[in-house]
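A look at the structure
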Amino acid sequence: WLSRQAISILNLAIGKSQACTVADFIDEARMVATELAQARPSMISIPNYIHQFLHQIMMGAECEKDLDSLKIWAQAKGNELVKLSKQADSRAIGYGCGIISSQDMVITCSYSSTVCRAFELAMRNEEEFCVMVAESMYNGEAFGEIAARRLQKHQIPVEVIPDESIHLYVSKADKALVGADSILADGTLINGTPTFRLAQAAREENIPFYAVCESAKFDIRGYIAKVSEPELGFDKTPPDLITGIITEKGIMQPSLVIAYIETMASSSQ
């Protein structure tokens, strides 16, 4: 959702541009793109999509020498990216829903619109399951409570549990399902706290632990990998604690992420 908002903001800037030449327009687009890419460093899908959008604008500038035509073309490309993101997200949600069975107790943490939509889809498919969500406290706000309120609107049975008691509750779960802000090349998951604590507890109880996201959240250019620690409020969860990463392509083992990233990087060049 945030990635699509970022694309829409760049699209808005294109529409509002006061540039008089193609060169000035490109400089303006670069400036806005840079600000957007830096707005949420731990969510790599934002710079991934923005970089792709900017690349398309640069390519368009080689063909469209008329500024007004370039603006129209660029906005159309932005709309296409939003559509592609929605499609990828929907497919990932479908695969995420596929791991939820009737009578399951699923444990999660933080707030992920993708995870919530997977639960909502499972409910529409008439699966009977329950959810436990860690309160996910950070900076005075309980993100787990936000997720719970959304699920309650869809009549999904949900219980909020204290972060410090995850290890006491996880044994009641059949599987863990969380979102992802980013996936590093080695399969490491970056997500809101207390994801790492939940993954550790799931491993101790032999509970499968899945992350669901579109592949645009893979750190193709090593942007996040260069940072030793994620932003405050985010966890690094190593690949050995992750059963599978669910994307629009299906479920993959964390060890296969590097090969997938290399393919994505070469196709975007």
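Residues numbered from 1 in each chain as written. Predicted model: local features only at pLDDT ≥ 70, side-chain atom pairs only at ≥ 80, totals over all residues. Heavy atoms only, no water.

1. Some thoughts on the packing of aromatic side chains
So the rule is basically this: Pairs were defined over the aromatic rings of Phe, Tyr and Trp, the Trp ring being its six-membered one, requiring ring centres within 6.5 Å. Orientation was assigned from the angle between planes: stacked under 30 degrees, edge-to-face over 60, tilted for the rest. The secondary structure listing takes helices from DSSP runs of H or I that are at least 4 residues long and strands from runs of E that are at least 2 residues long, numbered from the N terminus. When accessible area is computed with a 1.4 Å probe and restricted to protein chains, residues below 20% of their type maximum are described as buried, those above 50% as exposed, and intermediate ones as partly exposed.
Under the counting rule described, the total for this entry stands at two aromatic pairs. Note on Phe218 and Tyr260: the rings are 5.5 Å apart at their centroids and 80° apart in plane angle, and the pair reads as edge-to-face. On the criterion of sequence distance, the pair formed by Phe218 in the loop between β9 (209-212) and β10 (234-237) and Tyr260 in helix α9 (residues 257-267) is long-range, its members being 42 residues apart. Accessibility expressed as a relative area gives 0% for Phe218, which makes it buried. For Tyr260, a relative accessible area of 19% puts it in the buried group.

2. Describing helix α5 (residues 113-124)
Quick reminder of the rule: Between the first and last residue of a helix there are one fewer steps than residues, each counted as 1.5 Å, and that sum is the expected span. In what follows, a contact means two residues having at least one pair of non-hydrogen atoms within 4.5 Å. In protein, a polar contact requires one atom able to donate a hydrogen and another able to accept it; more generally it is a pair of N or O atoms within 3.5 Å, and residues adjacent in sequence count only if both atoms are side-chain atoms.
Compared with the 16 Å implied by 1.5 Å per residue over 12 residues, the 16 Å span of α5 between its first and last C-alpha is a close match. Taken together, the buried positions of α5 are Thr114, Val115, Cys116, Ala118, Phe119, Glu120 and Ala122. Turning to α5, the residues buried within the fold contact α4 (67-98), β1 (105-108), β2 (130-134), α6 (143-153), β6 (175-178) and β9. Two or three places before Thr114, at the start of α5, stands the capping residue Ser112, its side-chain oxygen 3.3 Å from that residue's backbone nitrogen. Where α5 ends, the next residue or the one after it, Glu126, has phi of about 65°, a positive value.

3. So, the side chain of Thr114
With respect to the secondary-structure elements, Thr114 resides in helix α5. In contact with Thr114, not counting residues within four places along its chain, are Asp89, Ile93 and Val212.

4. Observations regarding the sheet that holds strand β11 (residues 244-247)
Going by this rule: Pairing between strands is defined by DSSP: at least two bridges between the two strands are required. Orientation is described by lines fitted to C-alpha atoms, with helices fitted over the stretch in contact, and by angles between N-to-C directions that extend from 0 to 180 degrees.
The sheet built from seven strands is open, its strands ordered β5-β2-β1-β6-β9-β11-β12 with mixed pairing. Both outer strands of the open sheet, β5 (158-161) and β12 (250-252), are each paired with one neighbouring strand and no more. Each strand axis lies, on average, 25° off the axis of its neighbour in the sheet, ignoring direction. Pairing analysis gives three bridges linking β9 to β11, with the strands arranged parallel. For Ala211, the partnering residue across the bridge sits in β11 and is Ile245.

5. Some words on the side chain of Lys175
Looking at where Lys175 falls in the secondary structure, it is placed in strand β6. By relative accessible area, Lys175 is classed as buried at 12%. Polar side-chain contacts of Lys175 include one of 2.5 Å to the backbone oxygen of Ile99. A polar side-chain atom of Lys175 sits 2.9 Å from a polar atom in the side chain of Asp104. If we ignore the near neighbours within four places in the chain, the residues touching Lys175 are Ile99, Ser101, Asp104, Met105, Val106, Ile107, Ile207 and Pro208.

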